[in-house]
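# Analysis of the macromolecular model
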Amino acid sequence: MATANKTLDPISEKIKMLMDKKGLTAYALGKMCDMPPSTIARITSGRANPRASTLATIALALGTTLEDLIGEERYYQLVETDPVLKTVPNKRIPVITADTASWLNDRNIDESRTLSREDILWIPGLPDQELSNIVDYCVVAPDDAMYPEIKRGDYLYFRKVRGKGYAKSGDIVAVIARMDGPDPILDVRKVFFMQNDVEIYLPSDVMKEQYPKIVFSPRDANPNECADYGIVGVLVAKISTFR
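First, a word on what this report is: a plain description of the structure on this page. (Residues numbered from 1 in each chain as written. Predicted model: local features only at pLDDT ≥ 70, side-chain atom pairs only at ≥ 80, totals over all residues. Heavy atoms only, no water.)

### Remarks on the pattern of salt bridges
To be explicit about the condition: Salt bridge, as used here, is a side-chain nitrogen of Lys or Arg placed within 4 Å of a carboxyl oxygen of Asp or Glu. Runs of H or I in DSSP of at least four residues are treated as helices and runs of E of at least two as strands, each being numbered from the N terminus. Type-normalised accessible area, obtained with a 1.4 Å probe on protein chains alone, sets the label of each residue: buried when under 20%, exposed when over 50%, and partly exposed for intermediate values.
For the structure shown, the criterion picks out four salt bridges. Asp143 is paired through a salt bridge with Arg189; the nearest N and O atoms lie 3.7 Å apart. You can see Asp143 sitting in the loop between strand S3 (137–140) and strand S4 (155–160) and its partner Arg189 sitting in strand S6 (residues 185–193), a full 46 residues away along the chain. Like Asp143, the residue Arg189 is buried in the burial classification. The residue Lys208 makes a salt bridge to Asp205 at a minimum N-O spacing of 3.4 Å. Given the relative accessible area of 63%, Asp205 is considered exposed.

See below:
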């Protein structure tokens with residue numbers, strides 16, 4: 001008995017059309033987007049319901065825009081509820097978590113190879129082209145330590161730095177606590193540099209009771225305990241997900 005062919009949704013059809021036009025396989029497009037080929041195959045076959053950020057990454061790899069891929073009406077509906085989707089052409093930003101924070105200390109210059117793991121999410125760049133050009137990665141605020149300036153869930157955009165020589169007292173920084181265990185801890189705090197190379201990491205004034213200050217002195221650091229703190233980024237911009 002004959003069965004009816006399943007009709008692909010317009011987005012899947014458009015992705016397949018653009019892939020065919022560029023001669024791309026699911027494997028090739030997956031490599032370009034830092035996604036498993038199986039994810040691309042599921043999207044193009046209509047068996048997946050991808051996030052808007054995933055579609056934005058695919059659109060960029062295919063040389064088009066998210067607006068063109070999903071249609072003007074749906075695009076503006078998404079942007080209205082998620083300002084992070086206001087994309088900048090030819091710019092993608094990795095979202096770094098504690099699980100993927102090892103990249104921040106990686107001296108490998110070829111970041112496209114370093115950031116090839118499947119567990120790293122990519123999002124579009126910032127609406128401001130100049131700001132977007134100096135942003136290296138994004139962190140979703142893990143707590144309310146910097147409230148009310150920064151709230152849990154805010155998208156925080158950082159310029160990647162190595163060490164305190166690239167930050168100044170009063171900057172909001174991303175900082176890694178390198179522990180004895182395999183996984184580092186990634187925090188967002190305000191840093192102050194004191195005499196004798198002492199570094200103090202503070203929460204906001206209103207959150208001092210909930211989040212104690214962290215004092216790190218390289219001279220007094222015990223390598224057998226919490227090894228040390230290291231600044232890996234200076235805050236450039238933020239987008240709040242709350243209205």
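### Some thoughts on the packing of aromatic side chains
Stated formally: Classification of ring pairs uses Phe, Tyr and Trp, with its six-membered ring standing for Trp, and accepts pairs whose centres are within 6.5 Å; under 30 degrees between planes counts as stacked, over 60 as edge-to-face, and the remaining range as tilted.
With the rule as written, the count across this model stands at one aromatic pair. Between the aromatic rings of Tyr137 and Phe158, the centroid separation amounts to 5.6 Å while the plane-to-plane angle is 15 degrees, which identifies the pairing as stacked. Residue Tyr137 is found in strand S3, and its partner Phe158 is found in strand S4; the two are separated by 21 residues along the sequence. Of the two residues, Tyr137 and Phe158, neither departs from the other in class, the shared state being buried.

### As for the nonpolar core
Counted only if it meets this: Throughout, nonpolar core names a set of buried Ala, Val, Leu, Ile, Met, Phe, Trp, Tyr and Cys residues whose side chains join them through atoms within 4.5 Å. Whether two residues are in contact is decided by their heavy atoms, any of which lying within 4.5 Å being enough.
Among the nonpolar cores identified, the biggest contains 22 residues, and Ile15, Leu29, Ile58, Leu62 and Leu69 are the most heavily contacted of them. In terms of residue count, helix H4 (residues 52–61) provides more of this core than any other element does, five residues in total. With near-sequence residues (within four places) excluded, Ile58 lies in contact with Ile15, Leu29, Cys33, Met35, Ile40 and Ile43. Core analysis: the next-biggest nonpolar cluster, separate from the first, contains 15 residues, Ala101, Tyr137, Leu156 and Ile176 among them.

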